[in-house]
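A structural walkthrough
Letter by letter, the chains look like this.
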Amino acid sequence: MIEVKDLTKIYNGHLAVDHLSFTLNEGLIYGFLGPNGAGKSTTMNMLTGYLAPTEGSISINGFDILEDPEKARKCIGYLPELPPLYMDMTVSEYLKFAAELKKIPRKDTKAAIEEALTISRTDDVKNRLIRSLSKGYRQRVGLAQAVLGLPDIIILDEPTAGLDPLQMIEMRETIRSLAKDRIILLSSHILSEVSAICDHIMIISHGKLAASDTPEGLEEAIKGTNSLKLTVKGSRTQLENVLSALSGITQYTISEPADDHLVSADIEYGRNTEIRDDLFLALCDAFLPVYSMEAASRSLEDIFIELTESDEKIEQTESDGTIERTESDEKIAQTESAEKQED
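My aim in this report is to walk through the structure given alongside it, one point at a time. (Residues numbered from 1 in each chain as written. Predicted model: local features only at pLDDT ≥ 70, side-chain atom pairs only at ≥ 80, totals over all residues. Heavy atoms only, no water.)

Overview of the sheet that holds strand 1 (residues 2-11)
Quick note on the threshold: When DSSP locates at least two bridges between a pair of strands, those strands are taken to pair. Elements are defined by DSSP. Helices are runs of H or I of four residues or more, strands are runs of E of two residues or more, and each kind is numbered from the N terminus. Whether two residues are in contact is decided by their heavy atoms, any of which lying within 4.5 Å being enough. Interaxial angle, 0 to 180 degrees, is taken between N-to-C directions of lines fitted to C-alpha atoms, where a helix line uses only the stretch in contact.
Taken in spatial order, the 4 strands of this open sheet run 2-1-4-5, and their pairing is antiparallel. Across the chains shown, the open sheet's two edge strands, defined by having one partner strand only, are strand 2 (14-24) and strand 5 (63-64). Here strand 1 runs beside strand 4 (residues 55-60); their pairing, made up of 5 bridges, is antiparallel. Bridge pairing in strand 4 links lysine 5 to serine 57. Against the sheet, helix 1 (residues 40-47) touches strand 1, strand 2 and strand 4, its axis set at about 120° to strand 1.

Below, the structure written as structure tokens:
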């Protein structure tokens, strides 16, 4: 379980993450969405211990990321947007190196590497230099590193970047299989992919949680009206007479397609109202043959735009190499230094 309470991060006076709170439970795939500069990468970096929060707390399986960083990080596998690969190593050498960094016992290393190769579908390139691999295969090697040792929590930043359609389907299946008894948190700019794979979606805007629900729940919560797209054979005036006389319609827009004999309308009506039967009968009475009548569904893209459309362009301080380290950052660095000395 991941518990985040009042998480805040300030970069040189810029509030990147604003008192963010949420809980993630095992067995679910969480999608983390937000426009550029909204704070999602900063949040993911704090969850993995790469950055320390200015305020707030992060608990990973009961371990505080600041008070007990080594135990907390052992629970996490992380795939950054740009996988940290060593190009002069073979895939097997790289995974062996990653296993040493993760302090996987030597007697378990071989089995853990073989398992990671199988999960990431990289077994056929295990003896090749990483520099010789395509971008898609490099992404899969990054995934192999993230799942090495099968941690309880796997955090994936743009996991399908660089993959072809077939590889994207394979990656989706892999993520689903991994989520059965662990937490998966992923961020992606491919919203249709998030909608297809995630059980729960969190949308962040201006460093705050703008929405958190299932894909179906988000659509239902934001939907204030029902919509119809209608095309009939007739004139604009005839259709306007029908629509203006029908009760229940809150708004309509009429347009004329290229075919001079057809006219179309986008119609909105009340959320708890049903007008299709009355509309069809009214069109029949007006001798307007119906060529099409379909409900207009709202996609995740529509919901995302509506929740974040007020976002201003925010300077991406997340990638600024001149960021000053906070006292909490120093605390993590000191802990790591002490651990290395003990080793």
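Some details on the packing of aromatic side chains
Heads up, the rule is: Pairs were defined over the aromatic rings of Phe, Tyr and Trp, the Trp ring being its six-membered one, requiring ring centres within 6.5 Å. Orientation was assigned from the angle between planes: stacked under 30 degrees, edge-to-face over 60, tilted for the rest. Burial classification: accessible surface area is computed with a 1.4 Å probe over protein chains only, and a residue below 20% of its type maximum counts as buried, one above 50% as exposed, and the rest as partly exposed.
Enumeration according to the criterion identifies 3 aromatic pairs in this entry. Between phenylalanine 22 and phenylalanine 32, the aromatic rings sit 6.5 Å apart at their centres with planes inclined by 55°, giving tilted as the arrangement. Taken as a pair, phenylalanine 22 in strand 2 and phenylalanine 32 in strand 3 (residues 29-33) lie far apart in primary sequence, 10 residues in all. Note on accessibility: phenylalanine 22 and phenylalanine 32 belong to one class, buried. Taking 5.5 Å as the distance between ring centres and 85° as the angle between the ring planes, the aromatic pair formed by tyrosine 86 and phenylalanine 97 counts as edge-to-face.

Quick word on the nonpolar core
Put simply, the rule is: Throughout, nonpolar core names a set of buried Ala, Val, Leu, Ile, Met, Phe, Trp, Tyr and Cys residues whose side chains join them through atoms within 4.5 Å.
Ile29, Val91, Leu148, Leu156, Ile175, Ile184 and Leu186 are the most contacted members of the largest nonpolar core, which totals 45 residues. The greatest single-element share of this core, amounting to 6 residues, is contributed by helix 5 (residues 135-147). Setting aside chain neighbours within four positions, we find isoleucine 175 in contact with Ile29, Leu156, Pro159, Ile184, Leu186 and Ile197. Listed in part, the 31 residues of the second largest apolar core include Met44, Leu51, Ile76 and Leu185.

Considerations on the pairing of strand 6 (residues 76-79)
Put simply, side chains in a regular strand alternate between the two faces of the sheet. Here strand 6 shows a buried face lined by Ile76 and Tyr78 and a second buried face lined by Gly77 and Leu79. Pairing analysis gives 4 bridges linking strand 6 to strand 7 (residues 153-157), with the strands arranged parallel. Residue pairing across strands places glycine 77 opposite isoleucine 154, the latter belonging to strand 7.

A look at the environment of isoleucine 2
Structurally, isoleucine 2 is set in strand 1. Along the chain, isoleucine 2 and threonine 23 lie 21 residues apart, while their C-alpha atoms are 5.6 Å from each other. Residues in contact with isoleucine 2, not counting those within four places in the same chain, are Phe22, Thr23, Leu24, Leu47, Ser59, Ile60, Ile153 and Ile183.

Focus on the environment of leucine 117
Tracing the chain through its elements places leucine 117 in helix 4 (residues 106-120). With relative accessibility at 3%, the residue leucine 117 sits in the buried group. Along the backbone, leucine 117 and leucine 95 are 22 residues apart, and their C-alpha atoms lie at a distance of 9.0 Å. Once you skip the residues sitting within four places of it in the chain, leucine 117 turns out to touch Val91, Leu95, Thr122, Asp123 and Lys126.

Overview of the side chain of glutamine 145
For clarity, the threshold we go by: Nitrogen and oxygen atoms within 3.5 Å of one another constitute a polar contact, given that in protein one can donate a hydrogen and the other can accept it, and given that sequence-neighbouring residues count only through two side-chain atoms.
Tracing the chain through its elements places glutamine 145 in helix 5. Exposure remark for glutamine 145: the relative accessible area of 12% places this residue in the buried category. A polar contact of 3.2 Å, which involves the side chain of glutamine 145, links it to the backbone oxygen of tyrosine 78. Ignoring anything within four residues of it in the chain, the contact list for glutamine 145 reads Tyr78, Tyr94, Leu95, Ala98 and Lys102.

Observations concerning the side chain of threonine 8
By the element assignment, threonine 8 lies in strand 1. Owing to a relative accessible area of 1%, threonine 8 belongs among the buried residues under this scheme. When neighbours within four sequence positions are excluded, threonine 8 is seen to be in contact with Leu15, Val17, Asp18, His19, Met46, Pro53, Thr54 and Glu55.

So, helix 9 (residues 236-245)
The line we're drawing: Think of the arc as the fan of directions from the helix axis to the C-beta atoms.
All buried positions along helix 9 are accounted for by Leu239, Val242 and Leu243. Angularly, the buried residues of helix 9 cover 95° about the axis, an arc narrow enough to put them on a single face. Seen from the open side of helix 9, the exposed residues pointing more than 90 degrees away from its buried face are Thr237, Ser244 and Ala245.

So, the pairing of strand 2
As defined by bridge partners, strand 1 adjoins strand 2 across 7 bridges and the pair is classed as antiparallel. Bridging across to strand 2, lysine 9 finds its partner in valine 17.

Describing the packing of helix 3 (residues 91-101) against helix 5
To be explicit about the condition: Any angle that is under 35 degrees is reported as roughly parallel, and any over 145 degrees as roughly antiparallel; angles of 65 to 115 degrees are reported as roughly perpendicular and all others as oblique. Each crossing gets its handedness from the near helix: less than a right angle anticlockwise from the far helix is left-handed, clockwise is right-handed. Each residue gets one label: Ala, Val, Leu, Ile, Met, Phe, Trp, Tyr, Cys and Pro are nonpolar, Asp, Glu, Lys and Arg are charged, and the others, such as Gly, are polar.
At a minimum axis separation of 10 Å, helix 3 and helix 5 run at an interaxial angle of 30°. Accordingly, the angle class assigned to the pair helix 3 and helix 5 is roughly parallel. The chirality of how helix 3 crosses helix 5 is right-handed. Contacts between helix 3 and helix 5 involve Val91, Tyr94, Leu95 and Ala98 from the first element and Val141, Ala144 and Gln145 from the second. Considered class by class, the residues forming the contact of helix 3 with helix 5 number 6 nonpolar, 1 polar and no charged.

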